[in-house]
Amino acid sequence: MVIMLGGCDKKTDVVTAVFAWNGVNEEDISLLDKYSIDTVFMDIHSYKDIEGYNMYLLDGDTDYDLEDMQRVISKAYEYHSDGVIFDIEGDYDILALNLEKLDSNIPVLVCIPYWLEEETIEKIVKNSDGIVVMNYIKGKEKEKIKEEESIALKYNKTIITAYELQPPGKYGLLDKNTYYHDGIDAVISNYNENFKGEGIGLAYHHLDILREIDKGHE
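Worth saying up front: this structure is predicted, and the values here are computed from it rather than measured.

Asks: Quick question: what am I supposed to make of the packing of aromatic side chains here?
Replies: Any two aromatic rings considered together are summarised by their centre-to-centre distance and by the angle between their planes. Per the counting criterion, the structure on display carries eight aromatic pairs. Consider the rings of Tyr47 and Tyr79, whose centres lie 5.2 Å apart with planes at 10°: the pair is stacked. Linking Tyr47 in the loop between β2 (39-43) and β3 (54-59) with Tyr79 in helix α2 (residues 66-79), this pair joins segments that are 32 residues apart in sequence. The class for Tyr47 is buried, based on a relative accessible area of 12%. Plain terms: the ring middles of Tyr92 and Trp115 are 6.3 Å apart, the flat faces sit at 85° to each other, and that makes the pair edge-to-face. Taken as a pair, Tyr92 in helix α3 (residues 92-101) and Trp115 in the loop between β5 (108-113) and α4 (118-126) lie far apart in primary sequence, 23 residues in all. Classification of Tyr92 by relative accessible area gives buried; the value is 10%. A network of ring pairs unites the aromatic residues Phe19, Trp21, Phe41 and Tyr56 as a single cluster. Between the NZ or CZ atom of Lys138 and the centre of the ring of Tyr179, over which it lies, the distance is 5.7 Å.

Asks: What is the right way to read the side chain of Ser81 from this model?
Replies: Mapped onto the fold, Ser81 is located in the loop between α2 and β4 (83-86). Not counting the four nearest positions on each side in its chain, Ser81 is found in contact with Tyr47, Met55, Leu57, Ala76 and Ile106.

Asks: Would you mind showing me how to read the packing of α3 against α4 here?
Replies: Packed helices, taken two at a time, are described by their axes: the angle between them and the distance between them. As a packed pair, α3 and α4 sit with axes 8 Å apart at the nearest point and diverge in direction by 25°. As judged from the angle between their axes, α3 and α4 are roughly parallel. The interaxial crossing formed by α3 with α4 has left-handed handedness. For the pair α3 and α4, contact is made by Tyr92, Asp93, Leu95, Ala96 and Leu99 and by Thr120, Lys123 and Ile124, respectively. A breakdown of the residues in the contact of α3 with α4 according to their chemical character gives five nonpolar, one polar and two charged.

Asks: Would you mind showing me how to read the pairing of strand β7 (residues 158-164) here?
Replies: One face of the sheet, then the other: side chains in a regular strand alternate in exactly this way. Across the seven residues of β7, seven count as buried, placing the element largely inside the fold. Of the two faces of β7, the one holding Thr158, Ile160, Ala162 and Glu164 and the one holding Ile159, Thr161 and Tyr163 are both buried throughout. Where strand β6 (residues 130-134) lies against β7, five bridges are found, and the strand directions are parallel. Looking at the pairing, Val132 lines up with Ile160 of β7.

Asks: Before we go on, may I ask you to explain α3 in this structure?
Replies: Along an α-helix, residues three or four positions apart point the same way, because every turn accommodates 3.6 residues. Residues of α3 that are buried include every one of Tyr92, Leu95, Ala96, Asn98 and Leu99, and no others. Summarising the axial view, the buried residues of α3 lie within an arc of 165°, below the 170-degree limit, and thus occupy one face. Turned more than 90 degrees from where α3 packs its buried face, Glu100 and Lys101 sit exposed. Where the residues of α3 are buried, they touch α2, β5 and α4. Two or three places before Asp93, at the opening of α3, Asp91 has a side-chain oxygen 3.0 Å from that residue's backbone nitrogen.

Asks: Please explain the nonpolar core as it appears in this structure.
Replies: Looking at soluble globular proteins, one finds that nonpolar side chains tend to be buried together. In terms of nonpolar packing, the biggest core is built from 57 residues, with Val40, Val84, Phe86, Ile124, Leu165, Tyr204 and Leu210 touching the most fellow members. Counting 15 residues, the second-largest nonpolar core is a separate cluster that includes Phe19, Ile85, Cys111 and Ala162.

Asks: Would you mind showing me how to read the pairing of strand β8 (residues 201-205) here?
Replies: For β8, the tally of buried residues reaches five of five residues, placing the bulk of the element in the interior. Examined bridge by bridge, strand β1 (residues 16-20) and β8 share three bridges and lie parallel to one another. Bridge pairing in β8 links Val18 to Tyr204. Where β7 and β8 come together, five bridges link them in parallel fashion.

Asks: Before we go on, may I ask you to explain a negative patch on the surface in this structure?
Replies: Together, Asp61, Asp63, Asp65, Glu67 and Glu89 make up a region of like negative charge exposed at the surface. Tracing the backbone through its elements, the reader meets Asp65 in the loop between β3 and α2. On the basis of relative accessible area, Asp65 is assigned to the partly exposed category, the value being 36%.

About the thresholds
- Residues numbered from 1 in each chain as written.
- Predicted model: local features only at pLDDT ≥ 70, side-chain atom pairs only at ≥ 80, totals over all residues.
- Heavy atoms only, no water.
- Phe/Tyr/Trp six-rings, centres within 6.5 Å; stacked < 30°, edge-to-face > 60°.
- Helix = DSSP H or I, 4+ residues; strand = E, 2+ residues; numbered from the N terminus.
- Buried < 20%, exposed > 50% of the residue type's maximum accessible area, 1.4 Å probe, protein only.
- Lys NZ or Arg CZ within 6 Å of the ring centre and 35° of its normal.
- Contact = heavy atoms within 4.5 Å.
- Axes fitted to C-alpha atoms, helices over the stretch in contact; angles between N-to-C directions.
- Parallel < 35°, antiparallel > 145°, perpendicular 65-115°, else oblique.
- Left-handed = near helix turned anticlockwise from the far one by under 90°.
- Nonpolar A, V, L, I, M, F, W, Y, C, P; charged D, E, K, R; others polar.
- Pairing = 2+ DSSP bridges.
- Arc of directions from axis to C-beta.
- Polar contact = N/O pair within 3.5 Å; in protein donor to acceptor, adjacent residues only side chain to side chain.
- Core = buried A, V, L, I, M, F, W, Y, C linked by side-chain atoms within 4.5 Å.
- Patch = residues over 30% accessible without salt bridge, like charges linked within 9 Å, V, L, I, M, F, W, Y side chains within 5 Å.
- Areas by Shrake-Rupley, 256 points an atom, 1.4 Å probe, with all protein chains shown as cover.
- Salt bridge = Lys/Arg side-chain N within 4 Å of Asp/Glu carboxyl O.
- Lys, Arg positive; Asp, Glu negative; His and termini not counted.
- Charge placed at Lys NZ, Arg CZ, Asp CG, Glu CD.

Now the structure itself:
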């Protein structure tokens, strides 16, 4: 069901990933290991390779078109990234069309919200190497990803469920959307209860907040 991501010593069939919008510092390596993170989605503006991890170049904006996406692919080649991940919160039907035209020799993952129509999900899955579902409704994660899981299985593509860690109030987030106050153990418990052994990966969003929560909100 899941493609083999990356090109390093920590390849796994089902990944544990983290979004790193502001890069990864030396102190973060122990944090990655503590939470068994093997894949890093690192922002294009902060990108640097970290040996021993699957490294994905992360980029996107609401107005990204095919030319922008192709530019990111070129940067990934330049950086020798293991793949790219697009976070493009715009017209998802247009995104699917652009994915179909995209020229890439490395894996392409796409972030999608949990509320897309089945037809749109299918087009995105079909034209990419997999999806990361921003699955931000606490307690309903399994319910909200059923269609995405079924479609990913149909096309033998990667599927990862992302957990929000940012504090309520930021970007309009409510307490029901984020594990900021619940903690990382609650994320791991939810994932193990709902997805362990199901071929669905885990992603934390994002590293800066993971670091904060791990330190006890100091």
